[in-house]
Amino acid sequence: MTTEQPSQERILQAAVKLFLEQSVRKTSAEEVAFQAGVTRVTVYRYFTDKKGLVRAVCSRIASIFQRAADDSRGRSIDEIDVCLNRLGTELGALAPGNLFALFDEIHRLYPEVYEEFRAARETAIDAIFQQSLAAAKRDGSLRKGLNQEVVRAIFLSGVVRLIETPSLISPDVAPAEIVATVTMVFRHGILKDKPAE
């Protein structure tokens with residue numbers, strides 16, 4: 001690891017924290033540099049402008065979704081649940097603040113950056129869904145008679161569009177709580193009922 005990698009990481013952490021605390025629009029490169037313990041020139045060396053910094057922050061958040069998709073490969077339904085819970089925990093651990101409001105602001109200020117993020121997130125979420133279906137089939141726990149394309153469309157529209165839901169943008173709903181709720185709703189709907197213990 002070079003000495004420059006920790007600086008870049010500190011800059012990203014500072015940017016996420018400040019974006020969540022005070023918004024993208026109100027955050028300057030000088031504030032990010034101060035928070036990260038580097039100079040403004042160092043911020044611009046890694047990220048040529050604010051848009052580049054926003055793009056890097058979105059990429060970092062999208063990597064959390066991708067990591068969950070990667071970790072879900074070949075797992076059982078219960079193990080995928082663990083991966084999804086970790087996804088919610090990692091999203092919640094980014095920094096205090098409303099992640100949904102942040103994405104809403106990025107969507108308004110930098111629509112092309114937001115669309116890149118959205119595409120990466122959708123790809124990862126679709127992979128998780130496909131792996132969940134495969135695991136349910138392997139486990140013999142998938143409900144019979146489901147049209148998988150309809151279930152997939154409902155799942156993607158429900159989960160992917162969730163971040164754009166205005167009612168979640170204003171209140172502080174923990175990402176872990178949202179992921180757990182979505183997981184429970186879809187598991188109940190597509191899996192056979194577990195026998196009572």
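Note that the coordinates shown come from a computational prediction; the quantities given were computed from them, not determined experimentally. (Residues numbered from 1 in each chain as written. Predicted model: local features only at pLDDT ≥ 70, side-chain atom pairs only at ≥ 80, totals over all residues. Heavy atoms only, no water.)

## Observations regarding the pattern of salt bridges
Operational definition: We define a salt bridge as a contact between a side-chain nitrogen of Lys or Arg and a carboxyl oxygen of Asp or Glu at a distance within 4 Å. In DSSP terms, a helix is any run of H or I states spanning at least four residues, a strand is any run of E spanning at least two, and both are numbered starting from the N terminus. For each residue, the accessible area found with a 1.4 Å probe, counting protein chains only, is set against the maximum for its type, and the residue is called buried under 20%, exposed over 50%, and partly exposed in between.
Counted under the stated rule, the structure contains 12 salt bridges. Note that Asp70 is salt-bridged to Arg73, the shortest N-O span being 2.9 Å. In this structure, the salt-bridge partner of Glu122 is Arg118, at a minimum N-O distance of 3.1 Å. You can see Glu122 and its partner Arg118 sitting in helix α7 (residues 111-139), 4 residues apart, about one turn around the helix. For Arg118, a relative accessible area of 14% corresponds to the buried category. Connected through salt bridges with shared partners, the residues Asp126, Glu149 and Arg152 form a single ionic network.

## With respect to the packing of helix α4 (residues 50-72) against α7
Where we set the bar: Each axis is a line fitted through C-alpha atoms, and for a helix only the stretch in contact is used; angles between axes span 0 to 180 degrees, taken between their N-to-C directions. For classification purposes, an angle smaller than 35 degrees is called roughly parallel, one larger than 145 roughly antiparallel, one from 65 to 115 roughly perpendicular, and anything else oblique. The contact rule is simple, with two residues in contact once any of their heavy atoms fall within 4.5 Å. Gly counts as polar in this scheme, as do all residues outside two lists: the nonpolar Ala, Val, Leu, Ile, Met, Phe, Trp, Tyr, Cys and Pro, and the charged Asp, Glu, Lys and Arg.
Following both chains from N to C, one finds α4 and α7 inclined at 5°, their axes separated by 8 Å at the closest point. On the basis of the axis angle, α4 is roughly parallel to α7. Contacts between α4 and α7 pair Lys51, Val54, Arg55, Cys58, Ile61, Ala62, Phe65, Gln66, Ala68, Ala69 and Ser72 from the former with Glu112, Val113, Glu116, Phe117, Ala120, Arg121, Ala124, Ile125, Ala127, Ile128 and Gln131 from the latter. Across the contact of α4 with α7, the residue classes tally to 14 nonpolar, 3 polar and 5 charged.

## Some details on the packing of helix α6 (residues 99-109) against α7
Two quantities define a packed helix pair, namely the angle between the axes and the distance from one axis to the other. Where α6 meets α7, the closest approach of the two axes is 5 Å, and the angle between their N-to-C directions is 130°. Here α6 is positioned oblique relative to α7, judged by the angle of their axes. Across the interface between the two elements, Phe103, Ile106, His107, Arg108 and Leu109 from α6 touch Pro111, Tyr114, Glu115 and Phe117 from α7. Split by residue class, the contact of α6 with α7 holds 6 nonpolar, 1 polar and 2 charged.

## Points about α7
Test applied: A helix is expected to span 1.5 Å for every residue after the first.
Between its first and last C-alpha atoms α7 spans 41 Å; for 29 residues at 1.5 Å apiece the expected length is 42 Å, and the two agree. Phi for Gly140, located one or two positions after α7, is positive at around 70°.

## Some details on unusual backbone geometry
The phi angle at Ser23 is positive, at roughly 95°, despite the residue not being glycine. You can see Ser23 is positioned in the loop between α1 (4-22) and α2 (29-36).

## What about the confidence of the model for the chain?
Going by this rule: pLDDT measures the predictor's confidence residue by residue and takes values from 0 up to 100.
Taken over all residues, the pLDDT of the chain has a mean of 85, while the share at 70 or more is 86%. Taken element by element, the chain is modelled with least confidence in helix α9 (residues 166-169), mean pLDDT 60, and with most confidence in α2, mean pLDDT 96.

## Re the environment of Ala68
With respect to the helices and strands, the residue Ala68 is situated in helix α4. Once the C-alpha coordinates of Ala68 and Ala124 are considered, the two residues, 56 residues apart in sequence, prove to be 7.7 Å apart. Setting aside its immediate chain neighbours within four residues, Ala68 contacts Cys83, Leu87 and Ile128.

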